[in-house]
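Given next are the chains, with one letter for each unit.
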Amino acid sequence: MALLLVIGLMSVASLVNSVRVMRPNECPWRSSQWCATSFLRIASNPERYDGRHLYTFGYVAVSAGNVYLYQSEAAYMRGEPFDRILIDLSTLGKIAELEHHLYTYNDISGVMHEGFVGKEGPAAGRFEHAVVSLPIGKPESREGWDVVGIPVERIGPDGNPR
């Protein structure tokens, strides 16, 4: 009975450890595993992700002849160098398909390398062997005010709910 209890506890400990490693936005330290994380985590600590296979999300745009992944369209408009990661075109599989992803929000996966200085200055890093794709569940069309959950009669003259 004691042996079964010990085996059971070891199994639970193993399961807890594997669940800990698979939590979203937290990468295991083994560089051969793919890891989903946020752009902000990568940009704020690029050395932690150096050489890692990553999956993230951001705004793809061209700046000074380079293609970058930005945290947001606003970061691109501000031209913030540490809010961007270069997409290395020399290792990109299908360059022609990248054109459809410019100036939109996209999912991206690839191998991250910290620190990069391009034609227009520094970036948080660069993605090699990148795969850029439209996000899963992207809306097909925009919804209007007619579907907002506040009934029109509850909106006051100042435009705020009553």
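Thresholds, definitions, all that
Residues numbered from 1 in each chain as written. Predicted model: local features only at pLDDT ≥ 70, side-chain atom pairs only at ≥ 80, totals over all residues. Heavy atoms only, no water. Core = buried A, V, L, I, M, F, W, Y, C linked by side-chain atoms within 4.5 Å. Buried < 20%, exposed > 50% of the residue type's maximum accessible area, 1.4 Å probe, protein only. Helix = DSSP H or I, 4+ residues; strand = E, 2+ residues; numbered from the N terminus. Contact = heavy atoms within 4.5 Å. Polar contact = N/O pair within 3.5 Å; in protein donor to acceptor, adjacent residues only side chain to side chain. pLDDT = per-residue confidence, 0-100. Phe/Tyr/Trp six-rings, centres within 6.5 Å; stacked < 30°, edge-to-face > 60°. Lys NZ or Arg CZ within 6 Å of the ring centre and 35° of its normal. Pairing = 2+ DSSP bridges. Right-handed = clockwise from strand over helix to strand, strands pointing away.

Chemist: In this structure, what is going on with the nonpolar core? I would like to understand it.
Modeler: The nonpolar side chains of soluble globular proteins are, as a tendency, buried together. Membership of the largest hydrophobic core comes to 19 residues, with the highest contact counts inside it found for Ile87 and Phe127. For this core, the secondary structure elements donating two or more residues are helix H2 (39–44), strand E2 (53–63), strand E3 (66–70), strand E4 (84–87), strand E5 (104–118) and strand E6 (121–133). In contact with Ile87, other than residues within four places in its own chain, are Val60, Val67, Tyr68, Leu69, Leu92, Ile108, Phe127, Ala130 and Val132. Within the second largest apolar cluster, seven residues are counted, among which are Tyr59, Ala75, Leu86 and Ala123.

Chemist: I keep staring at the side chain of His101 and nothing clicks. Help me out?
Modeler: Here His101 shows up in the loop between helix H4 (95–98) and E5. Side chain to side chain, His101 and Asn106 meet in a polar contact 2.8 Å long. Setting aside residues up to four positions removed in sequence, His101 forms contacts with Val60, Asn106, Val132, Ser133 and Leu134.

Chemist: Explain unusual backbone geometry to me, please; I cannot follow it from the model alone.
Modeler: Phi is mostly negative for residues that are not glycine, and the peptide bonds are mostly trans. Positive phi, close to 60°, is recorded for Tyr103, a residue that is not glycine. As for its placement among the helices and strands, Tyr103 is situated in the loop between H4 and E5. Tyr103 sits in the partly exposed class, given a relative accessible area of 39%. Unlike most non-glycine residues, His129 shows phi in positive territory, near 50°. By the secondary structure assignment, His129 is in strand E6. Judged by its relative accessible area of 49%, His129 is partly exposed.

Chemist: Help me understand the confidence of the model for the chain, please; the structure alone is not making it clear to me.
Modeler: Detailed reading of predicted coordinates is not advised where the pLDDT is low. With 65% of its residues at a pLDDT of at least 70, the chain reaches an overall mean of 74. Predicted confidence for residues 4–25 stays below pLDDT 50, and this span has nine contacts to residues more than four positions away or in other chains.

Chemist: For this particular structure, what's the right way to read the packing of aromatic side chains?
Modeler: Any aromatic ring pair is given by two values, namely how distant the centres are and how the planes are angled relative to each other. Tallied over the full model, the rule gives six aromatic pairs. For the pair Tyr59 and Tyr76, a centre-to-centre distance of 6.0 Å together with 40° between the ring planes defines the contact as tilted. Of this pair, Tyr59 sits in strand E2 while Tyr76 sits in helix H3 (residues 73–78); the two residues are 17 residues apart in sequence, bridging distant segments of the chain. Residue Tyr59 is classed as buried on the basis of its relative accessible area, which comes to 5%. Pairwise contacts between aromatic rings join Phe57, Tyr59, Tyr68, Tyr70, Tyr76, Tyr103 and Tyr105 into one cluster. Over the ring of Tyr68 we find Arg84, and its NZ or CZ is 4.4 Å from the ring centre.

Chemist: Would you mind showing me how to read the pairing of E2 here?
Modeler: Sheet topology places strand E1 (residues 34–36) next to E2; three bridges connect them, and they run parallel. Bridge assignment links Cys35 to a residue of E2, and that residue is Leu54. Crossover handedness for the path E1 to H2 to E2: right-handed. Two strands pair when backbone bridges link them, and E2 and E3 are joined in this way by five bridges, in the antiparallel orientation.

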